[in-house]
Each structure stands twice: as C-alpha cells, then as structure tokens.
Amino acid sequence: MSGAVVLSCSGGKDSTATGLYLQEQGIPFEAIFCDTGWEHPATYDYLRGPLTARFGQIRVLSADVRWPERVRLHVLRASGAPMAEIDAAERAEGARLAEVCETMAREVEALLGCGGARSPLVRTALKKAVFPARVLRWCTQELKAFPAKAYLGTLDDPINVVGIRAEESKSRSLMPEREYDAGMDCETWRPLIRWTFADVVAIHHRHGLAPNPLYMGSALRVGCYPCIFARNSEIASLDAGRVAAIRLLERFVAELAEARIGRAGDIVKRAMPTFFQSENKNADGGYAWPIDKAVAYTKYRSTENQTELFSGGREEGCMRWGLCNTGRLRRPPREIRPHNYRPRPARLDPYRHLFGVLPDREIARRAGVTSSVVREMRRRSGVAPYTPPGSDQPTL
Ligand code: SF4
C-alpha cells in the first residue's frame, strides 16, 4: 500500500474492527478521532484506554472555535452614525459577547461529565446561536469533515479507511469498497464493506478486545451523545447530566438568538431553538422539540412501534464519511437477508449487538424475552455464544 493509511476511528465497534483488521493484514496505520466534544464520557475513556493501547496514540482532531472579535450592529449602521463610532461599538460588543459566550460554554461544559473539557459542538452552537439540523448540518461539516480533510491534506497520498458495512443499511450496501472521495479529496477504503455483524464480533473475540462499554447498556450506536438524529430509545436513556446540559444549552442559544434578532432590527418572532428538530411539523405547527418534551415523549410513551422522531437523515453526513458509528437499522436490507430469514421478535432488536458479547440469558433478561428466543436469533445471525475470558466453555 503506497499512501499514508489513516483510520477514522469513532470508538464504535466497526471502526475498532477495521483497525484490528488492518493489524491482522500487517498494514501500518494512524488512527484519527474527530472530536465534537459531545461524546459520552465512556467513549473518551475507551479511546484513551483500550484503543490507544491497541492502536497506538490516536490523533484527536477538533475544530478550533473562536468567538468573533466584532459583531455587526445593523441598527446602528442603518442610523448613519460615523464609521469610527460604528467600528468602536462593534468591537466593544464583540468583546462583551465573547465574554458572555465563554461563560455560557463553561457552564454547559461543566455538565458534560468530561472534566470541563472544551466542546466544539457547544461552542459552535453558541457562536452561531443555532443548533445543527437536517437543513443546516454544520456539526458534520465543521466539527468532523473539515478537521479530517485538513489533516488528510497534510499527508502524501492519504487513504482514508472507514468501518462502513453494507449490512447496516440500503445506502451503505451501494457503496464500493474503494473510491476517490471528492469531499475528502483522497481515496476512501471500506475493507469491512462485506462483513457481517458476526464478523465484527469475531474479530473482537480473536483479539480479546471488549467493545466500547456503551454497547453493554442499551446503546445501539457510538457517536454524539446524543446525535441530532437520535432514536427514541437513545433519547429515553440519556443520563440526567446530559439532559441538564442540553436544557441549559437550549436556554443560552435561545437568548443569543434573540439578541441577534434584536441587533438586526428583525421583528419576526422565531421559534425557540431546540437541540432536536423534527422533520415534519408538530401538532403545534412547528418543528421544535425542547429536550424535556423529547424525553417525556420517548420515555413515558415508549412503545415498540412508536414513530421515530428524529432518526431520519442519519444516513447522510457523519455516516457517509464513516466519521461516526450510527449502528444497525431495525431490519437488515432485503437484498442481503439470508434465505432463511424470518421476522424476529421486535423486542430483541435493540439488544442484537450484545449477541456473543453477553450470555443469552442476560440478553433475554434485558429484552424481556426467553433465553431460547435469544439463542435462536443469535444462531440465525451466525454469532457464537458468549465465552467468558480465560474459558473455552461458552455460557448460554
Ligand atoms: S453524530 Fe449526529 S450530531 Fe454528531 S456530528 Fe454527526 S450528525 Fe452531527
């Protein structure tokens, strides 16, 4: 392999499996991690601990978010005041706003459980006074794609290796193993494109590497905690600290957005910015889902067939570039289902990633089904039963 091989590492099972595969093939590589400052603390621990021990130092790439030095005062400009006066006022306002934003950012960052580390996602939301959304996906672009592209651009003939698997979705099943990616301006290689979930579990087993501990809970994916396209179950399982951080961030972004509207002399009344925004209009005619409303809906009205509120759109952006692991869809794509595929009990779906990772009876307990259902579904998925470390006897 001629160019510099760079693994886009998310801390999820697929990018980890990709790194293990490269090692098995004897291909030297460097792992990079695009940090939004919005991951689960367990993912940071996993990256710094087991993955660094396995892959060597992981290069952390994060956006350098700076507050603007001056703020445009449209109302003052429209008044026809002298330019020198406008300039001084705009610089003074910029300095004041920078101080306000820095204080707000630190307050939110203190709630993230990451030791108060700076969060590019929090800071960019405050700087822009707007949250990322389907139509304005600045999180993927500014926090992941741009830093990754900038780093890859410093290397000679880089090859961006990503842990994307066809089995994960229809759109991924159409991706080639190798292609030139104009977005990243380099070759992209997806060595796991034809791998199954069982292959991913098997390579972790072969190397005695436990997956990110988030998979041991109810997590289906590893990435932003939460992603703007979170599934209902992911919102329902957010911890109190993260909910409090989002609530505070929503308040701050709303205050800053209102101030911006005031500076522009805009009298249009806009909806309060919220971290989650639905694709379709709500009953109240808007798209906003304040965090408390989203949690209440997903936690207390949870049913198996509840409509997903925000997950549509996750196939674009982060996943397309392999920059985060967005987990499995509820059903395998039709064209790659095994010939003996039968619909499985839906209750087991959120726990399939634990096949072979935990004993069948423990998975059954969590999913509220019998062990025999788990055993049968695990067998159909081609995953070997869980074997405790140091033992050669599986535990069912
Ligand atoms: S994982 Fe979701 S929230 Fe995070 S950068 Fe990607 S699209 Fe944005």
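Bear in mind that the values here come from a model prediction, so they are computed numbers and not experimental data.

### Here we look at the pattern of salt bridges
Part 1: All told, the structure shown has 27 salt bridges when counted by the stated rule.
Part 2: Of the charged contacts in the structure, one is a salt bridge between Glu 142 and Lys 128, with a shortest N-O distance of 2.8 Å. Taken together, the positions of Glu 142 in helix α6 (residues 138-152) and Lys 128 in helix α5 (residues 120-128) put the pair 14 residues apart, joining distant regions of the chain.
Part 3: You can call Glu 142 partly exposed: its relative accessible area is 27%.
Part 4: Residues joined in a network through salt bridges with shared partners are Lys 13, Asp 14, Arg 165, Glu 167, Glu 168 and Arg 172.

### As for the confidence of the model for the protein chain
Part 1: Overall, the predicted model of the protein chain reaches an average pLDDT of 85, with 87% of residues at or above 70.
Part 2: Between residues 326-344, whose pLDDT stays under 50, and residues either more than four places distant or in other chains, the model counts 43 contacts.

### Digging into the packing of aromatic side chains
Part 1: By the definition in use, this model includes 7 aromatic pairs.
Part 2: When the centroid spacing of 5.0 Å and the interplanar angle of 90° are considered together, the rings of Phe 275 and Phe 276 count as edge-to-face. For the residue pair Phe 275 and Phe 276, the accessibility class agrees, reading buried in each case.
Part 3: When the ring centre of Trp 189 is taken as reference, the NZ or CZ atom of Arg 178 above it lies at 4.5 Å.
Part 4: The ring of Trp 38 carries Arg 242 above its face, with NZ or CZ at 5.0 Å from the centroid.

### Overview of unusual backbone geometry
Part 1: Cis rather than trans, the peptide bond between Tyr 225 and Pro 226 has omega equal to 0°.
Part 2: By the element assignment, Pro 226 lies in the loop between α8 (197-206) and α9 (232-236).
Part 3: Within the chain, Ala 129 stands out as a residue other than glycine whose phi angle is a positive 55°.
Part 4: On the accessibility criterion, Ala 129 (9% relative accessible area) is buried.

### Let's talk about the sheet that holds strand β2 (residues 30-34)
Backbone hydrogen bonds are what pair the strands of a sheet, in a parallel or an antiparallel way.
Part 1: Read across the sheet, 6 strands follow the order β3-β2-β1-β4-β6-β5 without closing on themselves; strand pairing throughout is mixed. Strand pairing shows two members of the sheet lacking a second neighbour, β3 (59-61) and β5 (178-181), which therefore form its edges. Looking at each pair of strands side by side, their axes are set apart by 30° on average, direction ignored.
Part 2: Taken together, the 3 bridges between strand β4 (residues 159-161) and strand β6 (residues 186-189) define a ladder with parallel strand orientation. Along β6, the bridge assignment pairs Ile 159 with Glu 187.

### A closer look at α5
Part 1: Where burial is concerned, most of α5 is hidden: 7 out of the 9 residues are buried.
Part 2: For α5, every residue scored as buried is listed here: Pro 120, Leu 121, Val 122, Arg 123, Thr 124, Ala 125 and Leu 126.
Part 3: Looking at the buried positions of α5, the neighbouring elements they touch are α4 (83-109), α6 and α10 (240-264).

### Structural notes on α6
Part 1: Taking 1.5 Å of rise per residue, the 15 residues of α6 would be expected to cover 21 Å, and the 20 Å separating its terminal C-alpha atoms lies within 8% of that figure.
Part 2: Its maximal kink placed at Ala 145, α6 deviates by approximately 35°, while the proline Pro 147 follows within four residues.
Part 3: Within α6, the full set of buried residues consists of Trp 138, Cys 139, Thr 140, Leu 143, Lys 144, Ala 145, Pro 147, Ala 148, Tyr 151 and Leu 152.

Criteria and thresholds
- Residues numbered from 1 in each chain as written.
- Predicted model: local features only at pLDDT ≥ 70, side-chain atom pairs only at ≥ 80, totals over all residues.
- Heavy atoms only, no water.
- Salt bridge = Lys/Arg side-chain N within 4 Å of Asp/Glu carboxyl O.
- Helix = DSSP H or I, 4+ residues; strand = E, 2+ residues; numbered from the N terminus.
- Buried < 20%, exposed > 50% of the residue type's maximum accessible area, 1.4 Å probe, protein only.
- pLDDT = per-residue confidence, 0-100.
- Contact = heavy atoms within 4.5 Å.
- Phe/Tyr/Trp six-rings, centres within 6.5 Å; stacked < 30°, edge-to-face > 60°.
- Lys NZ or Arg CZ within 6 Å of the ring centre and 35° of its normal.
- Pairing = 2+ DSSP bridges.
- Axes fitted to C-alpha atoms, helices over the stretch in contact; angles between N-to-C directions.
- Expected span 1.5 Å × (residues − 1).
- Bend = angle between axes of the 7 residues up to and from the residue.

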